[in-house]
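Listed below, chain by chain, are the residues.
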Amino acid sequence: MAGDLRLCALDLDGTLIDSQHHIVAAMAAAFRAEGLPPPSPAMVREIVGLPLDHAIHRLAPQVRGLQLERVGQAYRDAYFDAKDADSAAEPLMPGARAALDALEADGWLLAVVTGKGRRGLHEVLEAHGLIERFVVLKSADDGPGKPDPTLLLDAVREAGSSTARAVMVGDTVFDMGMARRARVPGIAVTWGYHDLALLETERPAAVIGRFDELAEAAGRLVPA
């Protein structure tokens with residue numbers, strides 16, 4: 001029945017894939033293109049998951065208006081140039097593919113809810129042969145960015161699930177904040193870009209340290 005289907009929505013960067021190398025390098029290149037001091041890798045990891053303009057403004061609050069647009073475009077250009085130059089896909093996090101298999105075997109539908117743009121989302125999932133595994137894909141091009149709950153709520157609705165039958169898996173406070181606002185249980189992962197102390201400020205429903213713990217944790221929160 002519609003609404004009874006269980007949905008596991010997952011973040012992309014820092015949760016399913018380790019994309020920090022390209023993100024950090026592209027942000028540094030974008031800042032240098034505008035004569036701005038590049039942010040440290042640690043600073044960039046803290047904003048992964050936000051919409052690009054919000055991320056840039058958080059890294060450099062003085063950057064506004066047309067300069068913000070230029071930095072954003074420079075970031076996109078640098079990011080896709082780096083991906084084109086590097087034939088290896090951004091790697092999946094250890095255990096990610098097996099975790100998706102386990103979730104599907106338990107009857108879960110799968111979705112991605114990410115702050116990445118649609119082009120980048122589709123490219124990385126296609127590179128890993130995963131795009132057909134997900135019934136819904138939500139990107140920064142589809143609505144307000146995290147922690148606004150809109151993308152997650154839309155994913156739940158489009159999958160034919162309900163907030164009572166869904167979970168959200170992510171590595172940042174933006175993921176957990178989105179889940180809390182949507183009233184969907186959040187599963188925080190500790191292998192990504194925000195540390196545990198920061199994640200716990202958003203009161204996740206569960207915390208896991210390895211992908212092979214995901215199916216069991218999700219099943220505890222939303223039994224079959």
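Residues numbered from 1 in each chain as written. Predicted model: local features only at pLDDT ≥ 70, side-chain atom pairs only at ≥ 80, totals over all residues. Heavy atoms only, no water.

Engineer: Got a sec to walk through the overall build of the protein? Specific residues and values, please.
Structural biologist: A count of helices and strands for the protein gives ten helices and six strands. Computed over the C-alpha atoms, the radius of gyration of the protein is 17 Å, within 12% of the 17 Å expected from 2.2 N^0.38 for a compact globule of 224 residues. Once the C-alpha set of the protein is aligned to its principal axes, its extents read approximately 55 × 35 × 30 Å. A burial count over the protein gives 52% of its 224 residues as buried. Carbon and sulfur atoms provide 52% of the accessible area of the protein, an area that totals close to 9900 Å². Between the mean site of the 23 positive side-chain charges and the mean site of the 32 negative ones, the protein shows a separation of 4 Å. (Helix = DSSP H or I, 4+ residues; strand = E, 2+ residues; numbered from the N terminus. Rg over C-alpha atoms; globule rule 2.2 N^0.38 Å. Buried < 20%, exposed > 50% of the residue type's maximum accessible area, 1.4 Å probe, protein only. Areas by Shrake-Rupley, 256 points an atom, 1.4 Å probe, with all protein chains shown as cover. Lys, Arg positive; Asp, Glu negative; His and termini not counted. Charge placed at Lys NZ, Arg CZ, Asp CG, Glu CD.)

Engineer: A description of the sheet that holds strand 4 (residues 166-170) should follow, citing residues and the corresponding values.
Structural biologist: Hydrogen bonds between backbone groups are what pair the strands of a sheet, and the pairing can be parallel or antiparallel. Taken in spatial order, the six strands of this open sheet run 3-2-1-4-5-6, and their pairing is parallel. Looking at the sheet topology across the chains shown, the edges are occupied by strand 3 (136-138) and strand 6 (206-208). On average, each strand axis in the sheet is tilted by 20° relative to the strand beside it, whichever way the strands run. Alignment of strand 5 (residues 186-189) against strand 6, held across three bridges, turns out to be parallel. From the neighbouring strand, V189 faces strand 6, where its bridge partner is I208. Strands in contact with helix 6 (residues 118-127) are strand 2 (109-113) and strand 3; relative to strand 3, the strand with the most contacts, it is inclined by about 135°. (Pairing = 2+ DSSP bridges. Axes fitted to C-alpha atoms, helices over the stretch in contact; angles between N-to-C directions. Contact = heavy atoms within 4.5 Å.)

Engineer: An account of unusual backbone geometry is requested, with residue identities and associated values reported.
Structural biologist: Between K146 and the following residue, P147, the backbone shows a cis peptide bond with an omega angle of 5°. The backbone of R183 sits at a positive phi, close to 60°, despite the residue not being glycine. Along the chain, R183 turns up in the loop between helix 8 (173-182) and strand 5. In this structure R183 comes out as exposed when scored by relative accessible area, which is 74%. One non-glycine residue, R203, lies in positive phi territory at about 50°.

Engineer: Any details on helix 5 (residues 96-105)? Residues and values, ideally.
Structural biologist: Every α-helical turn comprises 3.6 residues, leaving residues that sit three or four positions apart pointing alike. Among the residues of helix 5, those classed as buried are A96, A99, L100 and L103. Buried positions in helix 5, seen along its axis, are confined to an arc of 100° and lie on one side of it. Facing away from the buried side of helix 5 by over 90 degrees, the exposed positions are A98 and A105. Here the buried face of helix 5 lies against strand 1 (7-10), strand 2 and helix 10 (214-221). Looking at the residues trailing helix 5, positive phi occurs at G107, about 95°. (Arc of directions from axis to C-beta.)

Engineer: Describe in detail the environment of W108, supporting the description with residues and values.
Structural biologist: In this fold, W108 is placed in the loop between helix 5 and strand 2. Residue W108 is classed as buried on the basis of its relative accessible area of 3%. With 94 residues separating them along the chain, W108 and E202 place their C-alpha atoms 25 Å apart.

Engineer: Quick one: what's the story with the nonpolar core, residue by residue and with numbers?
Structural biologist: The biggest cluster of nonpolar side chains holds 33 residues, and the ones touching the most others in it are L10, L16, L125, F134, I187 and F211. When contributions to this core are tallied by element, the ones reaching two or more residues are strand 1, helix 5, strand 2, helix 6, strand 4, strand 5, strand 6 and helix 10. Sequence-distant contacts of F134, defined by excluding residues within four places in its chain, comprise L10, L16, L100, L110, A111, V112 and L125. Among the nonpolar cores identified, the runner-up in size contains 27 residues, and V48, V63, A74 and F80 belong to it. (Core = buried A, V, L, I, M, F, W, Y, C linked by side-chain atoms within 4.5 Å.)

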